[in-house]
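Observations on chain architecture
Below are the chains, spelled out letter by letter.
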Amino acid sequence: MPSFTMTEGGFGVGDYVVFGTLCSMSCAGGIWYSAVGSRTKAVRDLKDYLLGGKSMSTFPVAMSLIASYVSGVTILGTPAEIYNYGTQYWLVIVGVALSCLIVATMYLPVFCTLRLSSSYEYLQLRFNRHVRAVASFLFLLDEVLFLPMVIYVPALAFNQLTGFNVFAVAGVMVLICGLYTALGGLRAVVWTDSWQTGVMFIGVFLVAIAGTLAVGGVSTVFDTAAESGRLELSNWSFVPYERQTGWGAVVGGFLYWTCFNSVNQTMVQRYISLPSKRKAITALGIFCIGAMLAISLCVWCGLAAWAAWVQGGCDPRGAPLVDDRLLPAFVTYVANVQKLPGLAGVFLAGVFGAGLSSLSAVLNACALVVVEDIMHGWMQIRLRPMVEGILARSVTGILAVSSLLMLLVVQKLGGVLGVATALSAIASSSTCGIFTLGMGCWWVGPRGAIAGGIAGAVVAGTVSMGTQVAAASGLRSPPLNFTSECVKNASFVFEHSTVDPESVFPLFRLSYHWIAPLGLLATILVGAIVGWFFDERDDSKMDAELYFPLIWRWLPTESIERAGEIRRIIATKEVDTPAPSSPLILGTITDKVPKAETSR
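Predicted model only: the values in this text are computed from it and were never measured.

**Observations concerning the overall build of the chain**
The number of helices and strands found in the chain is 22 helices and zero strands. Scored against the burial criterion, the 600 residues of the chain give a buried share of 61%. Within the chain, counting contacts between residues at least 6 apart in sequence, those at least 24 apart form 86% of the total. Carbon together with sulfur atoms contributes 68% to the accessible area of the chain, which is approximately 21900 Å² in total.

**Comments concerning the pattern of salt bridges**
Applying the stated rule across the entire model yields nine salt bridges. A salt bridge links Asp539 to Arg537, with the shortest nitrogen-to-oxygen separation between them at 3.9 Å. Classification of Asp539 by relative accessible area gives partly exposed; the value is 44%. Arg562 is paired through a salt bridge with Glu565; the nearest N and O atoms lie 2.6 Å apart.

**Thoughts on a nonpolar patch on the surface**
A surface patch of nonpolar side chains, about 470 Å² in accessible area, is lined by Ile202, Phe205, Leu206, Ile209 and Leu213. Summarising the element assignment, Leu213 is placed in helix 8 (residues 166–215).

**With respect to the packing of aromatic side chains**
Taken as a whole, this structure holds 27 aromatic pairs when the rule is applied. Ring centres of Tyr83 and Trp309 lie 6.3 Å apart, and the angle between their planes is 55°; this geometry places the pair in the tilted category. In this pair, Tyr83 is assigned in helix 4 (residues 72–85) and Trp309 in helix 12 (residues 277–311), connecting sequence segments 226 residues apart. Relative accessible area serves as the criterion here: at 0%, Trp309 is assigned to the buried category. With 5.9 Å between their ring centres and 50° between their planes, Tyr120 and Phe139 make a pair best called tilted. Taken as a pair, Tyr120 in the loop between helix 5 (92–114) and helix 6 (121–126) and Phe139 in helix 7 (residues 129–162) lie far apart in primary sequence, 19 residues in all. The two residues Tyr120 and Phe139 agree in class, both being buried. Members of the aromatic cluster, each reached through a chain of ring pairs, are Phe11, Tyr16, Phe19, Phe158, Phe164 and Phe352.

The rules behind these values
- Every chain is numbered independently, its residues counted from 1 as its sequence is written.
- The model is predicted, so local features are restricted to residues of pLDDT at least 70 and side-chain atom pairs to those at 80 or more, both for listing and for counting; the totals for chains, interfaces and linings are taken over all residues.
- Side-chain figures throughout are based on the complete set of non-hydrogen atoms in the structure, without hydrogens or water.
- Under the scheme used here, helices are H or I runs from DSSP no shorter than 4 residues and strands are E runs no shorter than 2 residues, and both carry numbers assigned from the N terminus.
- Note on classification: 1.4 Å probe, protein chains only; a residue is buried when its accessible area is under 20% of the maximum for its type, exposed when over 50%, partly exposed between these limits.
- The contact rule is simple, with two residues in contact once any of their heavy atoms fall within 4.5 Å.
- Here the accessible surface of atoms and residues is derived via Shrake-Rupley with a 1.4 Å probe, and residues count as covered only by protein chains that are part of the display.
- What counts as a salt bridge is simple: a side-chain nitrogen of Lys or Arg found within 4 Å of a carboxyl oxygen of Asp or Glu.
- What goes into a patch is any residue over 30% in relative accessible area without a salt bridge, connected to like charges within 9 Å or, for nonpolar side chains (Val, Leu, Ile, Met, Phe, Trp, Tyr), within 5 Å.
- Centre distance within 6.5 Å is the pairing criterion for rings of Phe, Tyr and Trp, where only the six-membered ring of Trp is used; planes under 30 degrees apart are then read as stacked, over 60 as edge-to-face, and the remainder as tilted.

These results come straight from atomic positions and should not be treated as a statement about function.
Pasting the structure below:
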């Protein structure tokens, strides 16, 4: 069997044809919806542009939810993680399932009951517009850090397979995606995401099947992984410095995914684009299954690549620690062994589809946050609908260009899965903590919420940036053991870490799984304590519908008596608003909601 060296690459004529056809169909769909949206009221009606009129269909929204998270980072990062550190990471799917259950029973009912245009509008209802602004800026920070990763991964895969310059590929990708996102809004994003997510699953599934056949079948993959200790799910160590443990994958994965799925505008924007809570929960369930399937397929691809390397004689060029070029190299290897022209084209189209869908979802959500939450909610500035529509599209373009510039930084970091998780945990954990304080701690007011959010962002940011600096300096977790055949290979040279772990500050050696839990815990603890001592209870905020349904029995009596009061005030303001093109439902509501004459 030929050696797998991690240097494989090359794109044939069939690959270019397949890739070009699939990507053209994907982009054509986005541009078509953009053209339709540009000729209709979407130019004038910002709510239709950013939320699809709150009348989207369940399955396309569910596919878009999958696309929002399962990006090229997952497709390329997960196999490399498994190749280096074994299958312990696969337990993160347990965390995914648990997080979806929590979101469906706790967070989603609040958003669906209030029927808001932005998740951060909740914070103005529960606290004030300043807390809303803090969360909005944290979200934008989160996406500015995450966007370059989304762009870098497909560009890296294209570079590995074709040799094209990373920045040139990224520029074309941003131009295409930015065009249909800016013009078509959420409708173009959701329907294009559906197609791109389908292409992504097809590409990864074909690679998993062909790769398994190339190395001799399912039993061969299992046997090779078991012999080298990579088929391991039994490491339940409590040491937080180990990169992959059962507790890290399950608990850390659960809290990270909850932070992302529960209150992140990219996800909530899709939940509330559906007409009912039942459909939103259905879409969340489809997302849960799809995300677990995508992660499992990527895990299997990593195991198949490991089996190919071992069976090929453990060539030193393919030895751990490998980087995120693993899967593109393995795809080329499989295509050559199995004589499958076009396989690399399908795979690359899937990676591009995943990247484009994640990019479009983030850009559209950022446009909504800038206009709705920062300009309308915090600055209280309103412009003509046409001007606001142009502003939303301008935000999309500016973010797309800035993400290209950030690629210079991303190239210096290693292991996109860990890097993306660590960076996105900075803002997502503190933002989720603010919402959790609002929905679960009735004694917390604006002071506690802002103090908690700042504390969580500082803690998570310090640890995240510290770990990335240590990694860039050469600190890397050692890979798992090899098989006996690899040890006998005289030409094998292991790449050791160039930094002594004991010389690094302990918090900067934490596994990336624990950064989100740390930020979330800091936010809730600081916010709850500050709120208890320094916040005064505002009776106008004591509406049970602002809190988790599961804690209603413990709420003060007046909260139950006032249940639905704020929602009725919002509905009244919407009816009284003469311009149907304006999506702002809080424009005429002050930070302090007046007490209604009647209450339930």
